Amino acid sequence: MADAAATTGTLHILYFAWLRERVGLAEERVALPPGVGTVGELVDWLRERSAGHAAAFASMRTVRCAVNQEFADPDRRLAPGDEIAFFPPVTGG
Amino acid sequence: MATVRVQEQDFDVAAEFAALTLGRTDIGGIGCFVGTVRDSAGGRRIGAMMLEHYPGMTERAMAAIADAAQARWELLGCTLVHRVGRLRPGENIVLVLAAAAHRQAALDATAFLIDWLKTRAPFWKKEEFAGGGEAWVEAREADEQAAERWSGGVRA
């Protein structure tokens, strides 16, 4: 990715099911925060944003993540422009 | 070869069968699974079920699940239809059809497809209780174990 995009791009963050209810938002766009390079570091940063965020990310045992619509682990690296979704373990079917 | 859809409206099982088999004479068996809304959960009466999903990722995940089934078995076609929105007890939720030359592949692929749909496609259910109140359905360990039994390699 070009340096210009790397400095101006934002993260598109989506929340589903009870994470959406606790955060109080279906989605938000944030600039990639300084010092945040991975999903896990983003979660630590998001926890500080509001009481709702803190409640949503209180236990990561029941939170799953997808980056650009593929399941992702906490150590997944992030880049500006990524779409990052947080949701509970799936219960379809 | 796979048909994958997410929709609010009901599906017609006979119509999906007809679409899967139209003009085909090589199919020897079709496995079918239909998931429906139960009227109770944990001893509580269910008034309705809300099904939420992640538009975009859902379709990609369902297509990937269909691809995985087609890589494991010699399927002659498969159909995955999953409903979203507010559903009442007795209503259809999900349809899986898997067509093959012989029954074992059709039946095994059908079981695989629903097991993986339940554990790898981004859908979430919220139960609305008949007596008031609501709760998100929690993922079941049994579903994860059912999906894991397919991790032992190809079963042709």
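Reference entry: report on the structure contained in this document. (Residues numbered from 1 in each chain as written. Chains lettered and ligands numbered in written order. Predicted model: local features only at pLDDT ≥ 70, side-chain atom pairs only at ≥ 80, totals over all residues.)

**Notes on the overall build of chain A**
Consideration 1: Looking only at helices and strands, chain A has four helices and five strands in total.
Consideration 2: Each helix and strand of chain A, ordered N terminal to C terminal, gives the series α-β-α-β-α-α-β-β-β.
Consideration 3: The C-alpha radius of gyration of chain A comes to 13 Å, within 12% of the 12 Å expected for a compact globule of 93 residues.
Consideration 4: Considering only C-alpha atoms, chain A reaches an extent of 40 × 30 × 20 Å along its principal axes.
Consideration 5: Taken across its 93 residues, chain A has 24% of its residues classed as buried. (Helix = DSSP H or I, 4+ residues; strand = E, 2+ residues; numbered from the N terminus. Rg over C-alpha atoms; globule rule 2.2 N^0.38 Å. Buried ≥ 20, exposed ≤ 12 C-beta atoms within 10 Å, placed from the backbone.)

**Here's the deal with the overall build of chain B**
Consideration 1: When you go through chain B residue by residue, the secondary structure sums to four helices and nine strands.
Consideration 2: Relative to the 2.2 N^0.38 estimate, which gives 15 Å for 156 residues, the radius of gyration of chain B is 16 Å and therefore close to what a compact globule would have.
Consideration 3: In terms of overall dimensions, chain B has a C-alpha envelope of 50 × 35 × 30 Å along the principal axes.
Consideration 4: The proportion of buried residues among the 156 residues of chain B is 34%.
Consideration 5: Expressed as a percentage of contacts within chain B between residues at least 6 apart in sequence, the contacts between residues at least 24 apart total 77%. (Contact = placed C-beta atoms within 7 Å.)

**Topic: the pairing of strand E4 (residues 44–53) of chain B**
All names here are of chain B.
Consideration 1: As paired strands, strand E3 (residues 40–41) and E4 are joined by two bridges and run antiparallel to one another. Counterpart to serine 40 in the pairing with E4 is arginine 45.
Consideration 2: Between E3 and E4, which pair antiparallel in sequence order, lie two residues; one of them, glycine 42, sits at a positive phi of approximately 55°.
Consideration 3: For E4 and strand E8 (residues 123–129), the ladder comprises seven bridges, and the chain directions are antiparallel. Its bridge partner lying in E8, isoleucine 46 is registered against phenylalanine 129.
Consideration 4: Relative to strand E6 (residues 85–87), E4 runs antiparallel, the two being bridged by three bridges. Directly across from methionine 50, in E6, lies its bridge partner arginine 86. (Pairing = 2+ DSSP bridges.)

**Brief notes about the interface of chain B and chain A**
Consideration 1: Chain B puts 20 residues into the contact, and the matching count from chain A is 13 residues.
Consideration 2: Elements with a minimum of two residues in the side of chain B that touches chain A: helix H2 (57–72), helix H3 (103–120) and E8 of chain B.
Consideration 3: Examining the composition of the side of chain B that touches chain A, we find that four residues originate from one element, H3 of chain B, more than from any other.

**Notes on the sheet that holds strand E1 (residues 10–15) of chain A**
Residue and element names in this part refer to chain A.
Consideration 1: Taking strand neighbours across the sheet as the criterion, the five strands line up as E2-E1-E5-E3-E4 in an open arrangement whose pairing is mixed. Each of the sheet's edge strands pairs with one partner strand only, and the pair in question is strand E2 (27–31) and strand E4 (70–72). With strand direction ignored, the average angle separating the axes of adjacent strands in the sheet is 30°.
Consideration 2: Where E1 meets strand E5 (residues 83–87), four bridges bridge the pair, whose relative direction is parallel. The partner of tyrosine 15 across the bridge, within E5, is phenylalanine 86. (Axes fitted to C-alpha atoms, helices over the stretch in contact; angles between N-to-C directions.)

**Quick notes on the sheet that holds strand E1 (residues 2–7) of chain B**
Residue and element names in this part refer to chain B.
Consideration 1: Judged by pairing direction, the sheet is mixed, and its four strands sit side by side in the order E1-E5-E7-E2 without closing on themselves. A single partner strand is all that each edge strand has here, and the edge strands are E1 and strand E2 (29–36). Between one strand axis and the next, the sheet turns through 5° on average, direction left out of account.
Consideration 2: Taken together, the six bridges between E1 and strand E5 (residues 75–83) define a ladder with parallel strand orientation. Within E5, the position partnered with valine 4 by the bridge is leucine 80.
Consideration 3: Against the sheet, helix H1 (residues 13–21) touches E2, E5 and strand E7 (92–100), its axis set at about 25° to E7.
Consideration 4: Running at roughly 145° to E7, H3 makes contact with E2, E5 and E7 of the sheet.

What is shown is where atoms sit, not what they do.
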